[in-house]
Amino acid sequence: MSTESCPADHVDRPTDPVSGCPVSAGAAAFDPFGDAYQADPPEAVRWSRDDEPVFYSPSLGYWVVTRYDDVKAVFRDNTTFSPSIALEKITPVSDEAIATLERYDYAMNRTLVNEDEPEHMPRRRVLMGPFTPDRLAHHEPIVRRLTREYVDRFVDVGKADLVDEMLWEVPLTVALHFLGVPEEDMATLRKYSIAHTVNTWGRPSPEEQLTVAENVGKFWQFAGTVVEKLRRDPSGDGWMPYSIRKQREYPDIITDSYLHSMMMAGIVAAHETTANAAANALKLLLENRTVWDELCADPGLIPNAVEECLRHSGSVAAWRRLVTADTTVGGVPVPAGAKLLIVNSSANRDERHFEDPDTVDVRRDNATEHLTFGYGSHQCMGKNLARMELQVFLEELTRRLPHLDLVPGQRFSYVPNTSFRGPEHLWVQWDPAANPERSEPGLLDTRQPVRIGEPTTRGLSRTLTVERVDPTARDVVEITLAEPTGAALPSWSPGAHIELELGEVSRQYSLCGDPEDRSRYRIAVLRDPGSRGGSRYVHDELRPGTSVAVRGPRNHFRLDADTRHHVFVAGGIGITPILAMADAVCAAGGSYELHYCGRSTGTMALLDRVRRDHGPRLHEHVSEAGDRLDVTALLAEPTDGTRIYACGPQRLLSALDGASAHWPGDALRVEHFTTAGHELDPAVEHAFDLTLADSGLTVRVAPDQTVLAALRAANIDVPSDCEEGLCGTCEAPVLGGEVDHRDVVLTRSERSAGTRMMTCCSRACGASLTLGL
Ligand code: HEM
């Protein structure tokens, strides 16, 4: 291609040494309609995530964005990155196809997903009612009934194409119910909606374009007929009758053109996305048999498994935005008028955001942070309906057909397009004689409660076996835990902890083993004389061979990459995370010093290992030997680029906090395992408003409600974990208003900057807060 016509910034981009073209070989070869992308989009752009996360594709005429932070940043800013081209045909249409569409008066217009502000948000707000969790709960019985009926049809056959025999039609029927249109004409609709996908996101040949145009034209006319039918009696249930009723109140916001276009786009939005997501999920789980078996054994894992499937193998592989002003994406200059293909499926496998991203881990605690539903003000309105359907499908199939297998040797085909992705067929087989319901008919009456909305990570434990119990100091044991099946455990980074369920209580312990060893976790536990059960249980009950339920790993105490010198301070058993961090910095050749404080050497856990591995950098502070750590002297001089990482008794942490008051606010990083005062007392709290800048909503927080709960009730997803202000998962950006911080995550300077808050516990000082959600 000629460099004159290339929109890439030639000055800032290195040219190919061979061709002299500023477009790299990977970018030149990128083909989203090719086999590699169709089979596995995130894998096909792995090279880009690694080496060139924002590139111009000359063959597509789009800039392609593949890393998590960049994709999310584009979704967030719907002014600089307009959604107006989301439904534009990605392949130019032939004159004949245009003529065909004209014959049908095809006039697909803006709906929601491709509408700019200021039109979009008022419309979204007016039409949100049927999507709230309360209203969605009414749809569960029909989802369950349909799923059962379809499974009944093939359960005794022994072989089925799950797409043809269930996963395509159930979401279609649910979509029609949700929209409030009659159930008739399903077979025709099926053909139509595929045509719409190819028409919008595919590359049909000139001959195919005509057939596609015929079907799209018929779909358009059908949609118009249904709207007219509903207009005559808009009293029924469903989103379309609701929209028609709202049109009477807000005729300028809910226009005729919107209604007709949405009737068609709504079916596709609600149907194909979900059908494909279900097929992808079943395929993924059956390909990862041990994961499938785990779901069969513990259906409580299903809500998070749905998120993990959407993350790993979602049904919307990429989305589009139009650049409205010269800007940069991931530091790369991109001109006004450029079109972006934001590959959200690639973002979902970005190791910079998700640990071990290619592994399917149904216990992953940030699985819900996937971008398959988009993000920001246009984020999928139907996400909770889709989640409900996927949960019910997985629940019914794992319970009734746990012995399901993929038919070996089948080749999976995909409708070639950039965005909507799911196998066209999914052949499975099983032995009907082994169907559990034959020997246990009561099985059909059991069911798992559906979780409407984002799953919590509570209850996502895995059962590990105690491999060793080794005394490592007075009243301290080192426990080695292993996966009984020998399967690899999720990877972890220094500073991470796991949570053990110990009888009635659960307790968090930092990992102190080798992160490279994926077969076991190691922790060290001090017997606390005041223990309410946790450490007592560990010391008295855990023996080699004992099973223990473990959650995590999770990390709220990470090393900051930009630290030039690390001051590690450990008090007593606080050595555990500090040792893993010091090991990592030592292995990387970083600069550090390690201060280990204890009453006597006999009480200092893992001391031999610490001495062996960190001898030259180690400062032992043994109080019985009169060698207490002088924190004031240690922190007398603030040094640029130095951070203090500390874990230990509260007394030590408070002393460090006081002694570092003259240091930059984020210099001291501490690990907390407990917090106080997260119980809400409505008698002393006040109500306040949240203005959500990205979503354009105002949400009231009642005195007895957390910000997190109020956001969820308004259908805004915020991931959360501990819900006690400890972990930092539920952080939200604050754009205005003063925050009453009640967490222990943020540093002093982060609190005073007032730009973020933990929504599970922190509140507004005044009458309102503006959040960047
Ligand atoms: C928007 C994905 C199911 C209705 C979107 C967007 C994506 C998406 C990527 C654009 C987000 C953005 O631009 O930030 C999915 C997936 C689904 C699913 C993966 C299933 C797994 C549904 C269902 C419905 C629905 C079941 C309806 C009942 C909508 C609507 C929008 C939308 C109305 C436009 C929202 C707006 O622009 O304000 N969806 N969707 N979706 N989706 Fe879904």
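The name that an unreviewed UniProt entry assigns to the chain is Cytochrome P450/oxidoreductase, with the source organism given as Prauserella alba.

Student: Describe the environment of Gly772, naming the residues involved and giving the relevant values.
Tutor: Take Gly772: it is sitting in the segment after β28 (768–771). Through-space distance from the C-alpha of Gly772 to that of Leu735 is 6.1 Å; in sequence the pair is 37 residues apart. Look past the residues within four positions of Gly772 in its chain and what remains in contact with it is Arg76, Tyr375, Asp694, Pro733 and Leu735.

Student: Describe in detail the site of the ligand, supporting the description with residues and values.
Tutor: Taken together, the neighbourhood of the ligand is formed by 31 residues, with His120, Arg124, Arg321, His378 and Cys380 sitting nearest. Between an oxygen atom of the ligand and a side-chain N or O atom of Arg124, the distance comes to 2.7 Å. Given that more than half its atoms are within 2 Å of the pocket grid, the ligand belongs to the largest cavity. Only α7 (120–127), α15 (256–287), β5 (319–323) and α19 (383–400) provide two or more residues apiece to the shell around the ligand. A total of six residues in the shell around the ligand trace back to one element, the largest contributor, which is α15.

Student: Please give an account of the confidence of the model for the chain that cites residues and values.
Tutor: One rule of thumb: low pLDDT means the predicted coordinates there are not for detailed reading. Across the chain, the average pLDDT comes to 89, with 93% of residues at or above 70. Predicted complex, confidence summary: ipTM 0.99, pTM 0.76.

Student: So what's going on with the sheet that holds strand β18 (residues 591–598)? Which residues, and what values?
Tutor: The strand order β19-β18-β17-β20-β21 describes an open sheet built from five strands, whose pairing is parallel. Only two strands of the sheet have a single neighbouring strand rather than two, namely β19 (618–622) and β21 (668–670). Averaged over neighbouring strand pairs, the angle between their axes works out to 15° when direction is ignored. Direction of pairing for strand β17 (residues 565–571) relative to strand β20 (residues 642–647): parallel, over a ladder of six bridges. Following the sheet pairing, His565 is matched in β20 by Thr642. In this fold helix α23 (residues 607–614) packs onto β18 and β19, with an angle of close to 155° to the strand it touches most, β18.

Student: Describe the side chain of Ser57, and please don't skip the residues or the numbers.
Tutor: Relative to the assigned elements, Ser57 resides in strand β1 (residues 54–57). Among all residues touching Ser57, those that are not within four sequence positions of it are Ala27, Phe30, Tyr62 and Val64.

Student: Account for the environment of Arg522, naming residues and giving values.
Tutor: Assignment of secondary structure puts Arg522 in strand β15 (residues 520–526). Residue Arg522 is classed as partly exposed on the basis of its relative accessible area of 27%. Counting along the chain gives 258 residues from Arg522 to Met264, while the straight-line C-alpha distance between them is 55 Å. With residues up to four places along the chain from it excluded, the contact list for Arg522 reads Glu478, Ile479, Thr480, Ser510, Leu511, Cys512, Gly513 and Arg609. Side chain to side chain, Arg522 and Glu478 meet in a polar contact 2.9 Å long.

Student: An account of the coordination of the iron atom of the ligand is needed here, citing residue identities and associated values.
Tutor: You will see that the iron atom of the ligand has only one donor from the protein, Cys380 (SG), lying 2.3 Å away. Here Cys380 is to be found in the loop between α18 (344–347) and α19.

Student: Give a detailed account of the pairing of strand β13 (residues 497–502), specifying residues and quantitative values.
Tutor: Most of β13 sits inside the fold, with five of its six residues counted as buried. Where β13 and strand β14 (residues 505–510) come together, six bridges link them in antiparallel fashion. Paired with Glu499 across the two strands is Gln508, which belongs to β14. If you look at the hairpin formed by β13 and β14, you'll find two residues sitting between the two strands, and Gly503 has a positive phi there, around 65°. Pairing of β13 with strand β16 (residues 547–554), which is carried by four bridges, proceeds in the antiparallel orientation. Bridge pairing in β16 places His497 opposite Arg554.

Student: Tell me about the packing of helix α14 (residues 239–249) against α15, and name the residues and values.
Tutor: Between α14 and α15, whose axes approach to 11 Å, the crossing angle comes to 175°. Taken together, the axes of α14 and α15 lie roughly antiparallel to each other. Contacts between α14 and α15 pair Trp239, Met240, Ser243, Ile244 and Gln247 from the former with Asp256, Tyr258, Leu259, Met262 and Met263 from the latter. Residues belonging to the contact of α14 with α15 are distributed by class as follows: seven nonpolar, two polar and one charged.

Student: Break down the packing of aromatic side chains for me, citing the residues and quoting the values.
Tutor: Scanning the model with the defined rule gives 14 aromatic pairs in all. With 5.7 Å between their ring centres and 40° between their planes, Phe568 and Tyr645 make a pair best called tilted. Linking Phe568 in strand β17 with Tyr645 in strand β20, this pair joins segments that are 77 residues apart in sequence. Residue classification places Tyr645 among the buried positions, given a relative accessible area of 0%.

Quick notes on the rules
- Chains are numbered independently. Their residues run from 1 in the order of the written sequence.
- The predicted origin of the model limits local features to residues at a pLDDT of at least 70 and limits the giving and counting of side-chain atom pairs to 80 or more, whereas totals for whole chains, interfaces and linings rest on all residues.
- Computation of side-chain values covers all heavy atoms of the structure but excludes hydrogens and water.
- Secondary structure is summarised from DSSP: a helix means a run of H or I of at least four residues, a strand means a run of E of at least two, and numbering begins at the N terminus for each.
- Whether two residues are in contact is decided by their heavy atoms: any pair within 4.5 Å suffices.
- Here a residue is near a molecule or strand as soon as one of its heavy atoms is found within 4 Å of it.
- We call two N or O atoms a polar contact when they sit within 3.5 Å, provided that within protein one can donate a hydrogen and the other can accept it, with sequence-adjacent residues counted only if both atoms are side-chain atoms.
- Cavity and pocket criteria rest on a 1 Å grid covering protein atoms alone: a 1.4 Å probe that fits but cannot get out defines a cavity, protein on both sides within 12 Å along at least 5 of 7 lines defines an open pocket, and an atom within 4 Å of a point defines a lining residue.
- By definition, a pocket or cavity contains a molecule when more than half of the molecule's atoms lie within 2 Å of the pocket's grid points.
- Each residue gets a pLDDT score, which is the predictor's confidence in that residue and runs from 0 to 100.
- Two strands make a pair as long as DSSP finds a minimum of two bridges between them.
- All axes here are fitted lines through C-alpha atoms, helices being fitted over the stretch that makes contact, and every angle between N-to-C directions spans 0 to 180 degrees.
- To sort residues, take the accessible area from a 1.4 Å probe on protein chains only and compare it with the maximum for the residue type: under 20% means buried, over 50% means exposed, and anything in between is partly exposed.
- Any nitrogen, oxygen or sulfur atom within 2.8 Å of a metal ion counts as a donor, with the limit raised to 3.2 Å for Na, K and Ca, and since water is left out, coordination shells can look unfinished.
- These descriptions rest on fixed angle ranges, namely under 35 degrees for roughly parallel, over 145 for roughly antiparallel, 65 to 115 for roughly perpendicular, and the rest for oblique.
- Charged means Asp, Glu, Lys or Arg here, nonpolar means Ala, Val, Leu, Ile, Met, Phe, Trp, Tyr, Cys or Pro, and polar covers whatever is left, Gly included.
- A pair of aromatic rings is counted whenever rings of Phe, Tyr or Trp (Trp by its six-membered ring) have centres within 6.5 Å, and the orientation is called stacked for planes under 30 degrees apart, edge-to-face for over 60 and tilted otherwise.

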